[in-house]
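Structure assessment
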Amino acid sequence: MIVLSTRAEIRAAVGHARSTGKHIGLVPTMGSLHDAHLSLADRARTRAECTVLSIFVNPLQFGPNEDFAKYPRDLTRDVQLAEGRGLDIIFAPSVEEMYPQGDARVRVTPGVMAEHLCGPFRPGHFEGVLTVVAKLFSIVQPDVAIFGQKDFQQAALIRRMVLDLEFPVEIDVAPTGREADGLARSSRNVFLSAEQRAQAVSLSRALRDAAMHFDAGERSAARLVAGARGVLDAQPLVTTQYVELVNTNDLQPVEQAAPGDVLAIAAFLGSTRLIDNWILGSDNIRAGGVST
């Protein structure tokens, strides 16, 4: 495994791999790697002969009151964790390398698919995500890119961008990686106190409760949302930001739930914001890791 930090280096490395007939897999991350990231890397290795994991804390996707400055960064630790997973390349550019003009002067806008879920609460976030992912696709030119279901809105927007802009890359979305009690793995979990951590599991419990009601025949989106919100509201340290049930394809709210619709949650525990989601009609929350 090699660690590269410039656009020229990564282009040369993947160009050489492609010249030998290898397919290129990309796992974009912001570092602070955990088991869920590494499971995405493992998945990439099954899809491509040359696997690239990018580590870049993208300033464009953080708002002025968000945690860009304190977002955990430890490249040495991340490289050590990635060792032995069969990755070929870690691409860890600086902000100056990714944005040599000081900023991205042309950006990719998300449109109506950012009107719900996280979009209204994080203005500019998805524009920053799509812009940096478009840059990574241009630089690395992967055949397949792996994302996690936990960031469902992000994955849906990237799929739409790939379709609209005709990027020749397949988007593969892996099920959410979870702790033993069901909490979705996140780099932000390290900021939770012990008491907050104990109550954070209510996000997955709320989703599981709503899914059980759906499986039992409940189809009213309002009742499913209210039930999930009630589970969260019962926890004194949890401040719910939103609970929404949306269509998978356009991320617009639905009145009657159907298999494949997505119930999504965002909540704060102190200053730490966590998100999670459930695809109705599927077994996609299972404690102890990635479900199938």
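Reference entry: report on the structure contained in this document. These figures come from a predicted structure and were not determined experimentally.

Overview of the pattern of salt bridges
Going through the model one piece at a time under the given rule, you end up with 15 salt bridges. One salt bridge in this structure joins D103 and R107, with 2.8 Å as the shortest N-O distance. The network of salt bridges with shared partners includes R43, R47, E170 and D172.

Let's talk about the packing of aromatic side chains
Taken as a whole and assessed by the stated rule, the structure comprises five aromatic pairs. Ring geometry for F121 against Y242: centres 5.9 Å apart, planes inclined by 15 degrees, an arrangement best described as stacked. One end of the pair, F121, is in the loop between α4 (95-98) and α5 (125-140); the other, Y242, is in strand β7 (residues 238-246), with 121 residues separating them in the sequence. When the ring of F137 is compared with that of F167, the centres are 5.6 Å apart and the planes differ by 75 degrees; the resulting orientation is edge-to-face. Of this pair, F137 sits in helix α5 while F167 sits in the loop between α6 (152-165) and β6 (170-174), and the two are 30 residues apart along the sequence. Residue classification places F137 among the buried positions, given a relative accessible area of 3%.

Brief notes about the packing of helix α1 (residues 7-19) against α5
The interhelical angle for the contact between α1 and α5, taken along N-to-C directions, is 55 degrees, at an axis separation of 8 Å. Judged on the interaxial angle alone, α5 and α1 are oblique. When α1 is examined against α5, the residues R7, I10, R11, V14 and R18 are found in contact with a partner set consisting of S138, I139 and V140. Looking at the contact of α1 with α5 residue by residue, the classes come out as four nonpolar, one polar and three charged.

Some details on the nonpolar core
Judged by nonpolar contacts, the single largest core of 48 residues is most densely connected at I10, V52, F137 and I158. With ten residues, α5 is the single largest residue contributor to this core. Ignoring anything within four residues of it in the chain, the contact list for F137 reads L26, P142, A145, F147, I158, M161, V162, F167, V169 and I171. Among the nonpolar cores identified, the runner-up in size contains 26 residues, and F214, V238, L245 and A267 belong to it.

Thresholds, definitions, all that
Residues numbered from 1 in each chain as written. Predicted model: local features only at pLDDT ≥ 70, side-chain atom pairs only at ≥ 80, totals over all residues. Heavy atoms only, no water. Salt bridge = Lys/Arg side-chain N within 4 Å of Asp/Glu carboxyl O. Phe/Tyr/Trp six-rings, centres within 6.5 Å; stacked < 30°, edge-to-face > 60°. Helix = DSSP H or I, 4+ residues; strand = E, 2+ residues; numbered from the N terminus. Buried < 20%, exposed > 50% of the residue type's maximum accessible area, 1.4 Å probe, protein only. Axes fitted to C-alpha atoms, helices over the stretch in contact; angles between N-to-C directions. Parallel < 35°, antiparallel > 145°, perpendicular 65-115°, else oblique. Contact = heavy atoms within 4.5 Å. Nonpolar A, V, L, I, M, F, W, Y, C, P; charged D, E, K, R; others polar. Core = buried A, V, L, I, M, F, W, Y, C linked by side-chain atoms within 4.5 Å.

Just geometry here; none of it tells us what the structure is for.
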